[in-house]
Amino acid sequence: MPRHPSRDHLTLAQARRLALRSAGLDRRRPDAATTARTGAAALRRTVDRLGVLQIDSVNVLARAHLMPVYSRSGPWDVGALDRATSRAPRTLVEAWSHEATFVPPATHRLLGFRHRAYAERHPLAPDGVPAGSSPLLAEVRALVDAHGPVTAREAQALLAGEHPRPDPTWGWTWSVAKHALEHLFGTGELTSAGRNAAFERRYDRTDRVLGPALAAAPEPAEADARRALLAVAARAHGVGTLRCLADYWRMRQAPAAAAVDDLVEEGVLVPVHVEGWGDAYRHVDATVPRRVDARTLLSPFDPLVWERTRTEQVFGLRYRIEIYTPAARRTWGYYVLPLLLGDRLAALVDLKADRRAGVLRVLAAHRAPGPAGAVEAGAPADGELAHELVAELAVLAGWLALDRVEPAPDARGGLVPAVAAALRA
């Protein structure tokens, strides 16, 4: 029996269009280069809609947190993100939420229960002493208080006399300072005051980063915080199962279910049944557009596709990121982006920004398989699909300050010949 009697029914096509509108992906975005002023506006619109930007350090194309803004607003000035995260009053701060993410400062305050859970899971400090009486943590707190914001390298240099760095000659090791700083980051005592040019966190006291007024405000009760977070997830997804909504914040399903019940009672969520998907929840403000006319590339870490079961059920695409898969066993490629065309994920393209040569290299290009690997009815022919993909790649290359797009000599995938022909044309 469903947990709530459904008050609405959606076809899978309706649910797909609703999800795309809610994600800000139901229409073609502008392609013209933007100014710093519109960069800030584009960033604000995306964060207002999604509530979160997932951070990833892989820079083979563009860092993951930059792509959702591009996907929705076109070329934008990424310096706006540095200004939003590094200068007071900050409009974005770092937190562990879905994974490592940028969130609005008010959202950081909703994650207190997550910080307490981290402290309970890690009762010992990196020096093996209970965290509440750890000399190492006390020393690092005092260091940040006096010198912050500091990177882990800077902190380790200040601590090197008493805490030498582990032998770096074998394997990958964190310094003593890095372990301590990350522990305090996990408990919420510290956060990032921005990143430096090497993409290193600059750790500082959370109260200084959030600002005194917000830091001094009473922390929301856990139940209220969970409801607020799931309401953000529902607004961003438009429609989603309990699993989808809980995964948005990496929340366990049992407490998420209780919060969802409250949101249904409050009228924020409407229980629906989606044909071919199952019982789900629609945000009360979400609407189904009559049609979707989109063309954009999506990061593997875009909220539209980051919950892979949802991607498979709503878009019919079984899609996994293969960065950590040995090259010989990859199906699609190393850093593969779906091409959204209309209301379908129509192609998968593996890209690399060769910045030294000024080239956006196409390492692989595949037609995205439909359910059971078949080409979906109504899908564009290879030539039409490649034309749209190449047009999108040209815009992406311009945003990345690359001069041209070229398929790699050993490019893989059935769509490569059509892409090469479209590039020649």
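Predicted, not measured: the structure shown is a model, and the values here were computed from it.

Visitor: What exactly am I supposed to notice about the side chain of R201 here?
Guide: Along the polypeptide, R201 turns up in strand β6 (residues 201-205). With a relative accessible area of 9%, R201 lands in the buried category. In this structure the side chain of R201 is engaged in a polar contact, spanning 2.8 Å, whose partner is the side chain of E94. In terms of polar contacts, R201 uses its side chain to reach the side chain of E182, at 2.8 Å. Beyond its immediate sequence surroundings of up to four residues, R201 is in contact with E94, W96, A100, V150, T151, A152, E182, F185, S192, G194 and R195.

Visitor: So what exactly am I meant to see when it comes to the packing of helix α7 (residues 135-147) against helix α8 (residues 152-159) here?
Guide: Describing two packed helices takes the angle between their axes plus the distance from one axis to the other. Following both chains from N to C, one finds α7 and α8 inclined at 115°, their axes separated by 11 Å at the closest point. With respect to their mutual orientation, α7 and α8 come out roughly perpendicular. Relative to α8, the crossing made by α7 is right-handed. The segment α7 lies against α8, with E139, V140, L143 and H147 engaging A155, L158 and L159. A breakdown of the residues in the contact of α7 with α8 according to their chemical character gives five nonpolar, one polar and one charged.

Visitor: Mind showing me how you'd approach the confidence of the model for the chain here?
Guide: Should pLDDT be low for a region, the predicted coordinates there are not to be read in detail. With 92% of its residues at a pLDDT of 70 or more, the chain has an overall mean of 92. Within the model, the stretch residues 167-172 combines pLDDT values under 50 with two contacts to residues more than four positions away or in other chains.

Visitor: Sorry, what's going on with the sheet that holds strand β14 (residues 404-412) here?
Guide: Adjacent strands of a sheet pair through backbone hydrogen bonds, lying either parallel or antiparallel. Ordered by their spatial adjacency, five strands build an open sheet running β10-β11-β12-β13-β14, and the pairing between neighbours is mixed. Where the open sheet ends on each side, the last strands, each with one partner, are β10 (295-297) and β14. If you compare each strand with its neighbour and ignore which way they point, the axes differ by 35° on average. As judged from the eight bridges shared by strand β12 (residues 344-354) and strand β13 (residues 359-367), these two strands associate in the antiparallel manner. Bridging across to β13, D354 finds its partner in V359.

Visitor: Honestly, the pattern of salt bridges in this entry has me stumped. Any pointers?
Guide: Should the charged atoms of two oppositely charged side chains come close, the side chains can pair. Per the stated rule, a full pass over the model turns up 35 salt bridges. Close ionic contact of R208 with D145 constitutes a salt bridge, the shortest N to O distance being 3.8 Å. In this pair, R208 is assigned in helix α10 (residues 206-210) and D145 in helix α7, connecting sequence segments 63 residues apart. The shortest N-O distance in the salt bridge between D354 and R361 comes to 3.0 Å. R361 gets classed as partly exposed once you look at its relative accessible area, which sits at 21%.

Visitor: It is not clear to me how helix α17 (residues 416-424) should be interpreted in this structure. Could you clarify?
Guide: Note that an α-helix has 3.6 residues per turn; residues three or four places apart therefore point the same way. Those residues of α17 that sit buried are V416, A418, V419 and A420. Buried residues along α17 sit against β13, α16 (382-399) and β14.

Visitor: What should I look at first to understand the pairing of β6 in this one?
Guide: Regular strands show a simple pattern: their side chains alternate between the two faces of the sheet. Direction of pairing for strand β5 (residues 190-195) relative to β6: antiparallel, over a ladder of four bridges. Within β6, the residue paired with T191 across the bridge is D204. From the end of β5 to the start of β6, which pair antiparallel, there are five residues, and F199 there has a positive phi angle of about 65°.

Visitor: What am I meant to see in the environment of D343 here?
Guide: Within the fold, D343 resides in the loop between β11 (336-341) and β12. For D343, a relative accessible area of 17% puts it in the buried group. Separated by 155 residues in the primary sequence, D343 and G188 have C-alpha atoms spaced 40 Å apart. Sequence-distant contacts of D343, defined by excluding residues within four places in its chain, comprise R16, R17, L20, V292 and F315.

Visitor: How do you make sense of the pairing of strand β4 (residues 100-103) when you look at a structure like this?
Guide: Residue alternation in β4 divides its side chains into two sets, A100 and F102 and T101 and V103, and both sets are buried. Counted between consecutive antiparallel strands, the loop separating strand β3 (residues 93-96) from β4 contains three residues.

Visitor: Honestly, the sheet that holds strand β1 (residues 9-10) in this entry has me stumped. Any pointers?
Guide: Reading across from one edge, β1-β8-β9-β7 is the order of the four strands in this open sheet, with mixed pairing throughout. Every interior strand has two partners, whereas the edge strands, β1 and β7 (239-240), have only one. Sheet topology note: the strand β8 (residues 269-274)/strand β9 (residues 278-283) ladder contains six bridges and is antiparallel. Each residue of the ladder has a partner; that of P271, found in β9, is Y281.

Cut-off values and rules
- Residues numbered from 1 in each chain as written.
- Predicted model: local features only at pLDDT ≥ 70, side-chain atom pairs only at ≥ 80, totals over all residues.
- Heavy atoms only, no water.
- Helix = DSSP H or I, 4+ residues; strand = E, 2+ residues; numbered from the N terminus.
- Buried < 20%, exposed > 50% of the residue type's maximum accessible area, 1.4 Å probe, protein only.
- Polar contact = N/O pair within 3.5 Å; in protein donor to acceptor, adjacent residues only side chain to side chain.
- Contact = heavy atoms within 4.5 Å.
- Axes fitted to C-alpha atoms, helices over the stretch in contact; angles between N-to-C directions.
- Parallel < 35°, antiparallel > 145°, perpendicular 65-115°, else oblique.
- Left-handed = near helix turned anticlockwise from the far one by under 90°.
- Nonpolar A, V, L, I, M, F, W, Y, C, P; charged D, E, K, R; others polar.
- pLDDT = per-residue confidence, 0-100.
- Pairing = 2+ DSSP bridges.
- Salt bridge = Lys/Arg side-chain N within 4 Å of Asp/Glu carboxyl O.

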